[in-house]
Amino acid sequence: MNIRIRNLSEPSCACEALILPLFEGKKGVPHSFPPGFRKFVSGLSDGVFSAKHGEVFFAVRPDAGKPRQVLFVGLGKREELTPERLRQAGGKAMSQLRSLGITDVAVSASLIRTTQFSPAVFLEGGLLGQYTFPRYRREKDAKGIRTLTILAEPSSALKNDVRSTAEVAAAVSFARDLVNTPANDMTPGHLARAALSLKRPGLSVSVIERDRARRLGMGAFLAVASGSHKPPKFIVVEYRGSKKPPLVLIGKSVTFDSGGLSLKPSDGMEKMKYDMAGGAAVLGAVKAAAALGLPVHVIGLLPATENLPGGSATKPGDVVSAVGGKTIEIANTDAEGRLTIADAIGYAKRFRPRAVVDIATLTGACTITFGAEAIAMMGNDRKLLDRMKKAGEDSYERVWEMPLFEEYRDYLKSDIADIRNIGNRIGGLMTSAYFLYEFAEKTPWVHLDIAGTAWTEKDKPYMPKGASGVGVRLLLNFIKELK
Ligand code: BES
Ligand code: ZN
Ligand code: ZN
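Residues numbered from 1 in each chain as written. Chains lettered and ligands numbered in written order. Predicted model: local features only at pLDDT ≥ 70, side-chain atom pairs only at ≥ 80, totals over all residues. Heavy atoms only, no water.

## Observations regarding the coordination of the zinc ion (ligand 3)
Cut-off, in case you're wondering: Sodium, potassium and calcium take a 3.2 Å donor cutoff, other metals 2.8 Å, and in both cases only N, O and S atoms count; water is not among them, so sites may look incomplete. Any site counts as irregular unless it has four donors with all angles between 85 and 135 degrees, making it tetrahedral, or four or six donors with opposite ones more than 155 degrees apart and the rest between 65 and 115, making it square planar or octahedral. Segments assigned H or I by DSSP are reported as helices when at least four residues long, segments assigned E as strands when at least two residues long, and all are numbered from the N terminus. Each residue's exposure class comes from its accessible area (1.4 Å probe, protein chains only) as a fraction of the maximum for that residue type: buried when under 20%, exposed when over 50%, partly exposed otherwise.
Protein ligation of the zinc ion (ligand 3) involves Lys-252 (NZ), Asp-257 (OD), Asp-275 (OD) and Glu-336 (OE), the donor distances falling in the range 1.9 to 2.4 Å. Around the zinc ion (ligand 3) sit six donor atoms; with metal-centred angles ranging over 78 to 172°, the donor geometry is octahedral. We note that the donor set of the zinc ion (ligand 3) lies within a single chain, spaced as K-x4-D-x17-D-x60-E. Separating the zinc ion (ligand 3) and the zinc ion (ligand 2) is a distance of 3.2 Å, and Asp-257 donates to both of them. In this pair, Asp-257 is assigned in strand β10 (residues 253-257) and Asp-275 in the loop between β10 and α9 (277-291), connecting sequence segments 18 residues apart. On the accessibility criterion, Asp-275 (2% relative accessible area) is buried.

## Here's the deal with the pairing of strand β6 (residues 147-151)
Just so we agree on the cut-off: Should DSSP find at least two bridges between two strands, the strands are regarded as paired.
Taken across its five residues, β6 has five buried, putting it largely inside the fold. By the alternation rule, side chains of β6 split into Thr-147, Thr-149 and Leu-151 and Leu-148 and Ile-150, which are all buried. Inspection of the sheet shows strand β5 (residues 104-108) paired to β6 by five bridges, in the parallel sense. Bridging from a neighbouring strand, Ser-108 pairs with Leu-151 of β6.

## Quick word on the side chain of Asp-343
The following threshold applies: Two residues form a contact once any of their heavy atoms are found within 4.5 Å.
Its place among the elements puts Asp-343 in helix α10 (residues 337-348). If near-sequence neighbours (up to four positions away) are discounted, Asp-343 is found in contact with Gly-217, Met-218, Gly-219, Ala-220, Phe-221, Ala-322 and Val-323.

## Concerning the environment of Ala-348
Along the chain, Ala-348 turns up in helix α10. Ala-348 has contacts with Val-248, Leu-301, Pro-353 and Val-356, leaving out every residue within four places of it along the chain.

## Points about the confidence of the model for the chain
Test applied: The pLDDT value expresses, per residue, how confident the predictor is, ranging between 0 and 100.
Averaged over every residue, the pLDDT of the chain is 97; residues scoring 70 or more account for 100%. When the elements of the chain are averaged for pLDDT, helix α1 (residues 35-43) gives the smallest value, 92, and strand β18 (residues 445-449) the largest, 99.

## Quick word on helix α14 (residues 428-440)
What counts is decided by this rule: Here the expected span of a helix is defined as 1.5 Å times the quantity of residues minus one.
Taking 1.5 Å per residue, 13 residues should reach 18 Å; α14 reaches 19 Å between its end C-alpha atoms and fits that length. Here α14 has its buried residues at Gly-428, Leu-429, Met-430, Thr-431, Ser-432, Ala-433, Tyr-434, Phe-435, Leu-436, Glu-438, Phe-439 and Ala-440. At the C-terminal side of α14, Glu-441 shows a positive phi close to 50°.

Written out as structure tokens, the structure is:
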């Protein structure tokens, strides 16, 4: 999509359709419009359109003026406006125009300019809402918006906002594409190639193959990979925007989770292609950080593997040892994400990181607890946790902290090894994190469980059904605040 900023009044723009945001009560029609148009708007009955938050109304102008077609979008009450409402309004308005087959659009920024928020927030929702995944269909749907003109003075601040918003939206789309891709194509090898495609000056990518992983002592990660014919790939991406010690981001990258020999029920198993959404979020965040040239040092680790019940698969009860030597009794092969992340945490320590953040579709219990509304968060460093909480509020990828009571340690006691990879069902959300905590030890660390939020079953204002791309904007916000 071609996005431009033009200092034009609304009636003098030559677009196919104009988006006109209004406050509740249809307030905020720009003065540049002729009285006939203003009358038309105020004459719309509230039943038709009252500009409540989320309402849209498409009109072909009866007063014969330009632009001919106007999409009104409600922002609700001025005093109740939030960035999220603005984002949602952008998503709704632009999706509506897309479904009408309109390709050349202008957005009036006059009203948004009178608030404390940037028109780029509206744009963010708009761009994210345009996402589609046509790759596997022969019949492609509507073309989508080709040209978007923001009607505002092109200040350098606004230009910057728009440019970075476009980069962020591209990174979210990149992540969504990876997650939506079915597991027969999205293999560990394919994920590694996707990571390699991000290479650019300042951003390096390397892949640790099975043999080297073995020499590094990654027994937990390799135990997960052992049931599949596809070779695992431990993917390392590094963006060096500063010389400081790095922030390490670990993304769960199980490209398909059948459960292994602890096989999952068939109902819903097809969804387990999204078990690499954490890895996709990490790649998206690193891609955006590099594109924006953020002054930070970030390393992304993606222990990519399938979890299948092949002939050489790990068996329940097997004992393996992780990086650092801790032994793990694998009581359930479906609790595989934590095994891959345990080795990634062990590997991360060699970088002497200032912080480690892992992001993973780790537990069904997370979905049961929060539905699709929050990311579960646990960790061992108050400052990092608070910063993540703030990043969640700013991006509206909200996180909610859960406890790591020391009593949970007992839940993971093994009769044979140092630790067991599952507890006893109860407290499953916390025990999964506690397991990781036993590997993070003193390293400042935050865990994010995105099992409930990484996939959406219904269209949302700026999130079409399917992969949500959650985590990209959260991690990016978190990185930005890292001083
Ligand atoms: N990938 C799943 C978690 C998951 C479930 C993500 C549903 C998204 C939606 C994970 O590997 C898993 O299977 N976890 C088990 C752990 C259990 C065996 C302790 C679970 O949550 O059931
Ligand atoms: Zn599993
Ligand atoms: Zn899994």
